[in-house]
Amino acid sequence: MALLALATLAPVRADDPPQRPDAATPAGQKGGPGARAGQPPSTPSAAEQHRLPPDSTTRQTLELPGRTLAFAATAGSIRLFDDKGEPQAELAYTSYQLDGTDRATRPVTFFFNGGPGASSAWLQLGNAGPWRLPINADEVTPSTSPEVMPNAETWLDFTDLVFIDPVGTGYSRFVATGEDVRRRFYSVDGDVSALALVIRRWLEKHDRLLSPKFVAGESYGGIRGPKVVRQLQMQQGVGVNGLIMISPLFDFREFAGTSLLQYVATLPSYVATVREAKGPVKRADLADVEAYARGEFLADLVKGEADREAASRLADKVAALTGIDQAVSRRLAGRFDVGEFRRELDRKNGKVTGRYDASVRGFDPYPDSTSSRFGDPSGDTLQAPLTSAAVDLLTRKLNWRPDGSYEVLNGAVERAWDFGHGINPAQSVSELRQILATDAKMTVLVGHGLFDLATPYFGSQIVLDQLPVFASAPRVKLVVYPGGHMFYSRDASRQAFRAEVEAMIKQ
């Protein structure tokens with residue numbers, strides 16, 4: 001994992017840039033701001049020629065079990081400017097506002113995914129939006145039909161919904177050219193500033209500043225979430241009632257690189273994966289593994305391989321818990337990183353487990369290779385149907401037709417991302433403490449899947465256990481369900497998590 005160094009970033013503004021003395025167009029003269037009499041109008045830049053279309057608002061009716069929801073759906077964008085009034089980027093959003101509600105008391109929730117480089121389609125079409133695409137990784141293939149269906153578990157019953165796509169994801173795009181603007185938005189702090197500003201501008205644009213406000217983020221959204229809320233509190237003048245974290249990563253410091261805690265964080269999910277193959281598993285069934293992970297396992301890790309007795313004891317215990325060959329476990333000293341576990345667990349059958357969902361198995365395309373050359377059977381199959389579903393929803397149902405390609409998961413964004421290279425790795429635990437201390441009424445709900453190896457639930461448990469007493473339950477709550485990174489792909493887990501969110505928002 002790359003580390004974070006705080007970047008010095010130029011501020012961004014939203015929508016209308018400040019007017020300069022030369023900004024008005026003289027009477028009778030064609031051309032845009034800054035045009036001069038006697039000169040031909042300037043040629044729009046390529047980015048201006050391909051700017052996003054005007055917002056589209058349509059009236060929608062959704063027939064669901066036991067109720068009918070009528071709402072306004074808006075697909076549109078918010079343009080961001082620098083402090084000189086120069087356009088920088090356009091961030092696309094999709095919002096759903098229920099009819100017949102009091103805007104002053106009606107909650108509104110803002111969503112973003114992670115990556116960096118993921119659009120909000122995962123949360124919108126997999127979990128909380130009015131329409132849902134089944135994304136069960138053990139059933140979906142790239143050729144699965146992308147047709148969306150009414151979502152009985154939509155959150156629209158109890159909160160309005162705004163799904164935001166950061167620059168480089170969905171249809172969101174740069175307006176300005178040059179590496180400076182790209183570096184600014186593709187950085188930890190620049191990204192957070194842009195998202196916070198878009199949230200404030202959406203609230204202003206739709207007259208919702210009085211509404212109760214919630215922020216929901218997934219995966220790298222765990223870094224974004226607390227930082228965005230802090231930005232809203234301190235820089236944008238917007239208070240947030242609650243933070244909802246879905247399969248989050250809060251801290252790169254402890255769960256990557258050479259940190260021993262990465263093995264503590266992943267062990268319960270490894271064992272959950274093994275036990276799930278034999279029958280249904282709940283978190284309570286892993287109490288013995290959690291106790292071992294934070295006790296004897298950690299103690300033997302700290303002793304290191306120089307202590308032969310401790311190293312053998314640890315390796316043999318891990319082999320017994322996971323079923324992986326004892327000789328392999330001893331060779332690795334019981335220290336399985338995620339890639340090694342995924343390959344070794346079912347290597348005899350030439351299969352690898354998923355990273356997003358380790359309960360999903362797929363064929364290793366190079367089973368005899370000494371190097372790991374496999375993808376993620378629990379994630380790779382979802383990109384095609386999810387992309388097509390998002391494009392179809394925006395263009396056909398919501399009547400918004402941008403040009404260009406829709407990016408559901410843009411690897412180029414992550415490759416260009418500036419996590420920083422200093423001594424302070426990316427983490428949001430500091431901001432989590434600050435937002436909870438600043439607003440004594442604020443609550444946080446964290447949801448995880450048992451079989452998620454991308455952001456294992458026990459890693460979040462370790463982080464949350466270190467918070468001060470004022471940030472303990474019931475203000476901060478961790479819930480864990482059967483499933484992977486997108487645990488909401490499982491019906492029972494999605495339904496249970498929705499009930500937790502509804503209780504949080506209505507409290």
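Throughout this description, residue numbers start from 1 for each chain and increase along the sequence as written. With the structure being a predicted model, the display of local features is reserved for residues of pLDDT at least 70 and the display and counting of side-chain atom pairs for 80 or more, all residues being used for whole-chain, interface and lining totals. By convention in this description, side-chain values take in all heavy atoms of the structure and omit both hydrogens and water.

Draft legend 1. Local environment of the packing of helix α5 (residues 221-234) against helix α13 (residues 429-438). The axes used here are C-alpha line fits, helices contributing only the stretch in contact, and every angle between their N-to-C directions lies in the interval 0 to 180 degrees. Numbered from the N terminus, helices here are DSSP runs of H or I no shorter than four residues, and strands are runs of E no shorter than two. Running from N to C, α5 and α13 cross one another at 45°; their axes reach a closest spacing of 8 Å. Classed by the angle they form, the pair α5 and α13 counts as oblique. Here the hand of the crossing between α5 and α13 comes out left-handed. For the pair α5 and α13, the contacting residues are Pro226, Lys227, Val229, Arg230 and Gln233 in the first and Glu431, Leu432, Gln434, Ile435 and Thr438 in the second. When its residues are assigned to classes, the contact of α5 with α13 shows four nonpolar, three polar and three charged. Each angle receives one of four descriptions, namely roughly parallel if under 35 degrees, roughly antiparallel if over 145, roughly perpendicular if within 65 to 115, and oblique otherwise. Two helices crossing with the near one rotated counterclockwise from the far one by less than a right angle form a left-handed crossing, whereas a clockwise rotation gives a right-handed crossing. Residues are treated as being in contact if the distance between any of their heavy atoms lies within 4.5 Å. Classes in brief: Ala, Val, Leu, Ile, Met, Phe, Trp, Tyr, Cys and Pro nonpolar; Asp, Glu, Lys and Arg charged; the others, Gly included, polar.

Draft legend 2. Main features of the nonpolar core. Buried residues of nine kinds, namely Ala, Val, Leu, Ile, Met, Phe, Trp, Tyr and Cys, make up a nonpolar core once their side-chain atoms join them within 4.5 Å. Residue exposure (1.4 Å probe, protein chains only): buried if accessible area is under 20% of the type maximum, exposed if over 50%, otherwise partly exposed. With 89 residues, the main nonpolar core has Phe185, Leu243, Phe297 and Leu432 as its most contacted residues. Counting residues in hydrophobic clusters, the runner-up holds 54 residues, among them Phe71, Leu125, Phe214 and Met486.

Draft legend 3. Structural view of helix α7 (residues 287-303). Each helix should span, by expectation, one fewer than its residue count multiplied by 1.5 Å. With 17 residues, α7 extends 24 Å between its outermost C-alpha atoms, agreeing within 8% with the 24 Å of an ideal straight helix rising 1.5 Å per residue. Here the bend at a residue is taken as the angle between two axes, fitted respectively to the seven residues that end there and the seven that start there. In the structure, α7 departs most strongly from a straight axis at alanine 293, where the bend amounts to approximately 45°. Along α7, the residues that are buried comprise Val289, Glu290, Tyr292, Ala293, Phe297, Asp300 and Leu301. On the buried face of α7, the contacting elements are α6 (261-276), α8 (308-322) and α14 (457-465).

Draft legend 4. Examining the pairing of strand β4 (residues 87-98) more closely. β4 sits mainly inside the fold: 12 of its 12 residues count as buried. Relative to β4, strand β3 (residues 67-82) runs antiparallel, the two being bridged by 11 bridges. In the sheet register, leucine 80 faces β4, and the bridge partner there is alanine 89. By this definition, two strands are paired if DSSP reports at least two bridges between them. Turn length for the β3-β4 hairpin, with the two strands adjacent in sequence and antiparallel, is four residues, and the turn residue glycine 85 shows positive phi of about 85°. Sheet topology places β4 next to strand β9 (residues 173-174); two bridges connect them, and they run antiparallel. Pairing of glutamate 90 across the sheet is with arginine 173, part of β9.

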